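# Residue-level structural notes
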Amino acid sequence: MNLPFFIARRIYSDQGDKHKVSRPAVHIATLGVAIGLAVMIVTVSVVLGFKHTIRDKVVGFGSHIQVQNLMNFSVASLNPVTINDSVMGVMKQIEGVEHVERYALTQGILKTDNDFLGVLFKGVGPEYDLRFLSDNLVEGQMPQFSDTASTNKLLLSKMIADKLQLKAGDRVYAYFIDDNVRARRFTVSAIYQTNMTRFDENLCFTDLHTVTRLNNWEPGLCTGAEVLVKDFDKLEVTADAFIDKINRQTDEYNNTYSSQTIYEAYPQVFNWLELLDINVWIILALMVAVAGFTMISGLLIIILERTQMIGVLKAIGARNKTIRHTFLWFSVFIIGRGLLLGNIIGLGIVLLQKYTGLVKLDPQTYYVSEAPMELNLPLFVLLNIATLLICVFVLIAPSYLISHIHPAKSMRYE
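Residues numbered from 1 in each chain as written. Predicted model: local features only at pLDDT ≥ 70, side-chain atom pairs only at ≥ 80, totals over all residues. Heavy atoms only, no water.

Right, let's talk about the overall build of the protein chain for a bit. A tally of helices and strands in the protein chain yields 16 helices and 12 strands. The C-alpha radius of gyration computed for the protein chain amounts to 32 Å, which surpasses the reference 22 Å derived for 414 residues by more than 25%, pointing to a less compact arrangement than a globule. Looking at the protein chain as a whole, 48% of its 414 residues are labelled buried. Of the contacts formed within the protein chain by residues at least 6 apart in sequence, a portion of 77% connects residues at least 24 apart. Summing over all exposed atoms, the protein chain offers an accessible surface of approximately 21,200 Å²; the carbon and sulfur share of this is 58%. Averaged over its 37 positive side-chain charges, the protein chain has a centre that lies 14 Å from the centre of its 38 negative ones. (Helix = DSSP H or I, 4+ residues; strand = E, 2+ residues; numbered from the N terminus. Rg over C-alpha atoms; globule rule 2.2 N^0.38 Å. Buried < 20%, exposed > 50% of the residue type's maximum accessible area, 1.4 Å probe, protein only. Contact = heavy atoms within 4.5 Å. Areas by Shrake-Rupley, 256 points an atom, 1.4 Å probe, with all protein chains shown as cover. Lys, Arg positive; Asp, Glu negative; His and termini not counted. Charge placed at Lys NZ, Arg CZ, Asp CG, Glu CD.)

What follows is the structure, given as C-alpha cells:
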C-alpha cells in the first residue's frame, strides 16, 4: 500500500479535537476551492452561451457565407448577379455546404395613416430556411414565400411593428422610389423579435418575386445567395473552397461573383465577442489564484499543527519526501472535496438559470432577454483537472517546510 496515501487518508478522516486550528483551515481551503470552481463554471457557461446565442442570431439573418456581386462589397449598392439553378447546383456540390438559398434586397418606405418608416425589404423564396425566424415568432403565422408570384405577405420585426402600430393581419402600404414612385399594399402575416437591434429596426421579409420585380431585374438575377455550412468550426475551409470555385467567375451579364463569411460581413460583432475571451481568462486566473492561496495557507497551518507527528515519522526513519507526499495527498483530499462542492454549486446555478431564466437582461443592451447558459461537460471536466493540478503544483514549494523540521525539537513542540 502507498504509505503517504494511507497516512493522509487517516489524517483527513480523523475528526479528533473539534477545537483544532486545522479544522477551520481545512473548511476555509475547501470553501475557497469550491467557490473558485463554481465561479469558473458559471463564467464559462455564461460566456459560451452568450457568444453562441449572438452568433446564431447573426447567422440567422446573414447565413455562414454570402455570395454576391463583387461591386456590392466595394460600394454601398444593390447590384444583382445571376443565381439560377445551375449556379446553386455548383455551390451545393462544394464540400461542407448544407444549404443554399437565394435572396434579393430593395429599399422602401412603409406608411400608415399616422407614421412612416424607411426599411430594407428582403425577398426570399420557398427554399429559404425560416427556422430561425419561426423560433423567434411572437405573433401571427409564418407566410409561405414565393419566387414565381407575389403573395404580398410581409414578415415584420416587433420593433418596426411597434413604431408603426401594426399587428398581424393589418394591411400597410409600401412605397418604392427610383425613377418614379411605386406603391404596393402588403398584409402583415407575422411579427418576429430577435432583440438584435441592428436587424430588427429596419429589416422585413417578403417574396423573392416581389423584390426582383420592384428592382426591374431579369429572371435569375438577385442580390445573392446565402450558404449554410454543416460544421461551423470548418467555415474557413468551406469559404476557401468558394474562393477557388466561385469567386472571380462571371455570369452572362458580366457580373463578377464574390463571397464573404459571416465574420467578414459583421466584423464588429465578432470582434466584440472575441473580447469576452479576455474577460474569461482573467476571471479563471483570479479564481485559481484564490483557490491556490487558500490551499497554501491551509497546508501551512496543518503542517505547523502536525509538527509533533512529523517529528515522530522522521524519528522512525521516514524520509522528507515521504512526509511531503503525505501532506500533498492530504491536500488532494481537501481539493477533491472542494471540487465536488464547487461542481454542485456551479452546475446548480447553471441549470437553474438555463431552465428558469431567473436572471433577466436588457435586450437593447445585451441582445438577449435573459442570461444564456451553455452546458459544456468536457470543458467542465477540463476545468476540474486544471484546478486540481495547479493547486497541487503551487503546494509543492510550501511542502518543503517539512525539511526544516528537526525530530528532537519537534517532538517537544506544543
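After that view of the structure, there is still more to cover.
Within the element layout of this structure, Ala-386 appears in helix H15 (residues 377-399). Of the residues examined, Ala-386 reaches a relative accessible area of 31% and is grouped as partly exposed. Sequence separation between Ala-386 and Arg-306 is 80 residues; the distance between their C-alpha atoms is 29 Å.

A separate point is a nonpolar patch on the surface. On the surface, Leu-31, Ile-35, Val-39, Leu-341, Ile-345 and Ile-349 cluster together to form a nonpolar patch covering roughly 450 Å² of accessible area. Only helix H2 (22-62) and helix H13 (320-356) provide two or more residues apiece to the nonpolar patch. According to the relative accessible area criterion, Ile-345 is partly exposed, its value standing at 35%. (Patch = residues over 30% accessible without salt bridge, like charges linked within 9 Å, V, L, I, M, F, W, Y side chains within 5 Å. Salt bridge = Lys/Arg side-chain N within 4 Å of Asp/Glu carboxyl O.)

On to the pattern of salt bridges, then. In this structure the tally under the stated criterion is 10 salt bridges. The salt bridge partner of Arg-131 is Asp-129, with a shortest N-O separation of 2.6 Å. Accessibility expressed as a relative area gives 56% for Arg-131, which makes it exposed. Linked by salt bridges that have partners in common, Arg-102, Glu-127 and Asp-147 make up one network.

Here we come to the layout of surface pockets. In this model, the largest pocket occupies a volume close to 680 Å³. Around the largest pocket sit 25 residues that line it, and Gln-66, Gln-68, Leu-105, Leu-120 and Tyr-266 are the ones nearest its centre. Of all the secondary-structure elements, those providing two or more residues to the lining of the largest pocket are H2, strand S1 (65-69), helix H3 (70-74), strand S3 (97-111), strand S4 (116-124) and helix H7 (197-200). (1 Å grid on protein atoms, 1.4 Å probe; cavity = no way out; pocket = protein on both sides within 12 Å on 5 of 7 lines; lining within 4 Å. Points joined across faces, edges and corners; volume = space filled by probe spheres on them.)

Burial within strand S11 (residues 224-229) is extensive, with six of its six residues counted as buried. Taking every second residue as pointing to the same face, both faces of S11 are buried, with Gly-224, Glu-226 and Leu-228 on one and Ala-225, Val-227 and Val-229 on the other. Across four bridges, S1 lies against S11 in antiparallel orientation. Bridged to Gln-68 within S11 is Gly-224. Alignment of S3 against S11, held across six bridges, turns out to be antiparallel. (Pairing = 2+ DSSP bridges.)

A word on the packing of helix H12 (residues 307-315) against H13. Two quantities define a packed helix pair, namely the angle between the helix axes and the distance between the axes. Contact geometry of H12 with H13 gives a least axis separation of 10 Å together with a crossing angle of 145°. In this structure, the crossing between H12 and H13 has a hand that is right-handed. Residues Met-309, Ile-310, Leu-313 and Lys-314 of H12 form the contact with H13, whose own contacting residues are Asn-320, Ile-323 and Phe-327. Classifying every residue of the contact of H12 with H13 by side-chain character gives five nonpolar, one polar and one charged. (Axes fitted to C-alpha atoms, helices over the stretch in contact; angles between N-to-C directions. Left-handed = near helix turned anticlockwise from the far one by under 90°. Nonpolar A, V, L, I, M, F, W, Y, C, P; charged D, E, K, R; others polar.)

Let's shift gears to H12. Side chains that are three or four residues apart share a direction in an α-helix, a result of its 3.6 residues per turn. If you check which residues of H12 are buried, you get Thr-307, Ile-310, Gly-311, Leu-313 and Lys-314. Within H12, the buried residues cover an arc of 165° as seen down the axis, which keeps them to one side. Following H12 by one or two positions, Gly-317 has its phi on the positive side, about 105°. (Arc of directions from axis to C-beta.)

A word on the state of the cysteines. Overall, the coordinates contain zero disulfides when judged by the stated rule. Lacking any disulfide linkage, Cys-222 is separated from the closest cysteine sulfur, that of Cys-204, by 18 Å. (Disulfide = S-S within 2.5 Å.)

Note that Ile-246 resides in the loop between helix H9 (235-245) and strand S12 (257-261). Along the primary structure Ile-246 and Gly-346 are separated by 100 residues, whereas in three dimensions their C-alpha atoms are 48 Å apart. Here Ile-246 is in contact with Val-67, Val-90, Met-91, Ile-94 and Tyr-257, once residues within four sequence places are set aside.

A separate point is the nonpolar core. Nonpolar side chains tend toward joint burial in soluble globular proteins. Met-91, Leu-110, Phe-121 and Phe-205 are the most contacted members of the largest nonpolar core, which has 114 residues in total. When residues in this core are grouped by element, the largest group, 15 residues, is from H2. (Core = buried A, V, L, I, M, F, W, Y, C linked by side-chain atoms within 4.5 Å.)

Right, let's talk about a negative patch on the surface for a bit. Taken together, the side chains of Glu-236, Asp-240, Asp-244 and Glu-264 present a region of like negative charge at the surface. A per-element tally of the negative patch places H9 first, with three residues. When you line up the elements, Glu-264 lands in helix H10 (residues 262-265).

Of the positions making up H9, those classed as buried are Leu-235, Thr-238, Ala-239, Ala-241 and Phe-242. With its buried residues spanning 155° around the axis, H9 presents them on a single face. Across from the buried face of H9, at angles greater than 90 degrees, the exposed residues are Val-237 and Asp-244. Next to the buried residues of H9 lie S1, helix H4 (85-92), S3, S11, S12 and H10.

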